[in-house]
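Remarks on the overall topology
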Amino acid sequence: MYFDGESDLRPDFRLTRVSFRGLMAVLGTQMDHGWGPTIEALVFLFWLASGTSYHVVTRAFATEHRMVHKTCREVVALLPLVVLLPSAEDLPHLGAGFAIWVSSLQQGCWQH
């Protein structure tokens, strides 16, 4: 599915192709086995997206346990680069904005 270059990855991997390419750009190409970084990342995403057990995924990917743990460590290490958490000083402002948004939803003012 991935290698045809056109199929929608979202049903099985929960990412668009553009998002997957972005993930691969930040993960890099380091590998310690013959599967390659693309397969390694796809196995990790399949496991994460499906919410299934290692046992089920291992039936399709024999060395899945090592790939999932390795890729998970890499993704967690990258979180500070791609996820910006608010500072303590920002929290009151963000909370007030969220309260305004919730209030507008409750009043029926939300428009698509």
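Residues numbered from 1 in each chain as written. Predicted model: local features only at pLDDT ≥ 70, side-chain atom pairs only at ≥ 80, totals over all residues. Heavy atoms only, no water.

- The name given to the protein in an unreviewed UniProt entry is Nuclease HARBI1, with the source organism recorded as Xyrichtys novacula.

1. Here we look at the nonpolar core
- Of all hydrophobic cores here, the largest spans 13 residues; its most connected members are Phe13, Phe20, Met24, Leu27, Ala41 and Leu45.
- At the level of secondary structure, the elements contributing two or more residues to this core comprise helix H2 (17-27), helix H3 (37-50) and helix H5 (64-82).
- In this structure Leu27 touches Ala41, Thr71, Glu74, Val75 and Leu78, once residues within four positions along its chain are discounted. (Core = buried A, V, L, I, M, F, W, Y, C linked by side-chain atoms within 4.5 Å. Buried < 20%, exposed > 50% of the residue type's maximum accessible area, 1.4 Å probe, protein only. Helix = DSSP H or I, 4+ residues; strand = E, 2+ residues; numbered from the N terminus. Contact = heavy atoms within 4.5 Å.)

2. Some thoughts on unusual backbone geometry
- Phi is positive for Arg14, which is not a glycine, with a value near 60°.
- Summarising the element assignment, Arg14 is placed in the loop between helix H1 (10-13) and H2.
- The exposure class of Arg14 is exposed, given its relative accessible area of 53%.

3. Here we look at the packing of aromatic side chains
- In total, this model carries 2 aromatic pairs according to the counting rule given.
- Ring centres of Phe13 and Phe46 lie 6.3 Å apart, and the angle between their planes is 65°; on these two criteria the pair is classed as edge-to-face. Here Phe46 lies in helix H3 and Phe13 lies in helix H1, a separation of 33 residues in the sequence.
- The exposure class assigned to Phe46 is partly exposed, which follows from its relative accessible area of 24%. (Phe/Tyr/Trp six-rings, centres within 6.5 Å; stacked < 30°, edge-to-face > 60°.)

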